[in-house]
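# Coordinate analysis (summary)
Each chain, letter by letter, is given below.
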Amino acid sequence: MEEKRGPLLKQEEEPWRVLEFYSGIGGMRYSLMKAGINAKVVEAFDINDKANDVYEHNFGHRPYQGNIETLTAADLDNYGAHTWLLSPPCQPYTRQGLQKQSGDARAVSFLKILELIPHTKQPPNMLFVENVVGFETSDTRAKMIEILASSEYITQEFILSPLQFGVPYSRPRYFCLAKRKPLSFQHGVCNNKLLWSPSPLFEHNENTVSDGWDQPPSNWDTLIHSCEPIERFLEFKSSSDQVTGTDVSADCSGALENIDERNLNTMSQYVVPLSLIERWESAMDVVYPDSKRCCCFTKSYYRYVKGTGSLLATIQV
């Protein structure tokens, strides 16, 4: 094993150097931009060609598309990254999947990346991991925590939903924050715990730490009352195809383009046929612009009616 050095030093004005694994269409990178963090994504990694097309369109950079299982510790050291963002495949842990966990071939690359950490000369100062609910009880997560602990990281884990942040989207997800010593979290009492509240991320008084943070909400739907309506996040006001001043593309320096007139005429292709509505209406999750919740979209959205995501009705009858 290579001899360790201390934390990767960063000058105050220097941007955080970030590696974005399983980058998809760039959700993590966009979040960095929206958060106003002084950060630079020095490389992104994704094997999906279509996702990389979208990422390149959005950010002007095409992710590395090779097999990340072939990366070495020396390769990772060469990037000099302070932070790693990882959103590995969720299929090994989903309720509807086979739940093979680390035995699933799609979990291998994530574990191999983690296993490189003890062999790097300059391990990242921080890691951020995102996955589906179910990951927290998996053997993959257990191996991740074991590797991080042996590499001098402290962790705080969360299961959070956009509903807790006022966003009308019911999608609980697992998150793990890891910092390498001597870095620390503001609330040390939350170290090595799984929390169901975002409060530790915002509260400044140690005395406000609540035992309730480690308990799941009794009912996620009670949170919808504090959410913004869906219409605040729509690019189209109504079936008349009028573009609104959406917040989605704000502060992105032109990375995400507004929908142009040429595309307005294509909206008709997304209309759900009346015959389908008449047959499957009882199974559809229909929401309206003034609704304060919608369901998680899956890969099977538009292929199957039930359990794949909400349908937006722009005219309420």
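Residues numbered from 1 in each chain as written. Predicted model: local features only at pLDDT ≥ 70, side-chain atom pairs only at ≥ 80, totals over all residues. Heavy atoms only, no water.

### A look at the packing of aromatic side chains
Short version of the rule: Stacked, edge-to-face and tilted are the three classes for Phe, Tyr and Trp ring pairs, Trp counted by its six-membered ring, which pair at centre distances within 6.5 Å; planes under 30 degrees apart are stacked, over 60 edge-to-face, the rest tilted. Helix and strand definitions follow DSSP, with helices as H or I runs of at least four residues and strands as E runs of at least two, each counted in order from the N terminus. Accessible area is worked out with a 1.4 Å probe on protein chains only. A residue is then buried under 20% of its type maximum, exposed over 50%, and partly exposed in between.
Under the counting rule described, the total for this entry stands at 12 aromatic pairs. Ring geometry for phenylalanine 21 against phenylalanine 45: centres 4.8 Å apart, planes inclined by 10°, an arrangement best described as stacked. A residue pair is termed long-range when its members are at least 10 positions apart, and phenylalanine 21 in strand β1 (residues 16–21) and phenylalanine 45 in strand β2 (residues 39–45) qualify at 24 residues. For the pair phenylalanine 21 and tryptophan 84, a centre-to-centre distance of 5.5 Å together with 65° between the ring planes defines the contact as edge-to-face. A residue pair is termed long-range when its members are at least 10 positions apart, and phenylalanine 21 in strand β1 and tryptophan 84 in strand β3 (residues 83–86) qualify at 63 residues. Each member of the pair, phenylalanine 21 as well as tryptophan 84, carries the same accessibility label: buried. Three or more aromatic residues joined by ring pairs make a cluster, and in this case those are Phe21, Phe45, Tyr64, Tyr79 and Trp84.

### A few points about the nonpolar core
Put simply, the rule is: The term nonpolar core refers to a set of buried residues drawn from Ala, Val, Leu, Ile, Met, Phe, Trp, Tyr and Cys, joined through side-chain atoms within 4.5 Å.
Counting residues in each nonpolar core, the largest one holds 30 residues, and the members touching the most others are Leu19, Phe21, Trp84, Leu86, Phe110, Leu127 and Met144. Of all elements in the fold, only β1, β2, α3 (73–79), β3, α4 (108–116), β4 (126–132), α5 (139–150) and β6 (173–180) reach the threshold of two or more residues within this core. Val18, Tyr30, Val41 and Ala44 belong to the second-largest nonpolar core, a separate cluster that totals 9 residues.

### Examining the sheet that holds β3
Rules: Between any two strands, at least two bridges found by DSSP are needed for them to pair. Any two residues having at least one pair of non-hydrogen atoms within 4.5 Å are treated as being in contact. As a rule, the C-alpha atoms of each element are fitted with a line to give its axis, helices using only the stretch in contact, and angles between N-to-C directions run from 0 to 180 degrees.
Pairing within the open sheet is mixed, and its 7 strands lie in the order β2-β1-β3-β4-β6-β5-β7. Of all strands in the sheet, those bounded by a partner on one side alone are β2 and β7 (194–195). Where β4 lies against β6, 7 bridges are found, and the strand directions are antiparallel. Bridge pairing in β6 places glutamate 130 opposite phenylalanine 175. Sheet strands in contact with α4 are β1, β3 and β4, and its direction is about 165° off that of β3. Sheet strands in contact with α5 are β4, β5 (153–160) and β6, and its direction is about 150° off that of β5.

### Observations regarding the side chain of threonine 83
Mapping threonine 83 onto the fold places it in strand β3. Threonine 83 gets classed as buried once you look at its relative accessible area, which sits at 10%.

### Quick word on the pairing of β6
Regular strands place side chains that alternate from one sheet face to the opposite one. The buried fraction of β6 amounts to 6 of the 8 residues, a majority that puts the element mostly inside the structure. The pairing of β5 with β6 spans 8 bridges and is classified as antiparallel. Opposite tyrosine 153, over in β6, you have arginine 180 as the bridge partner.

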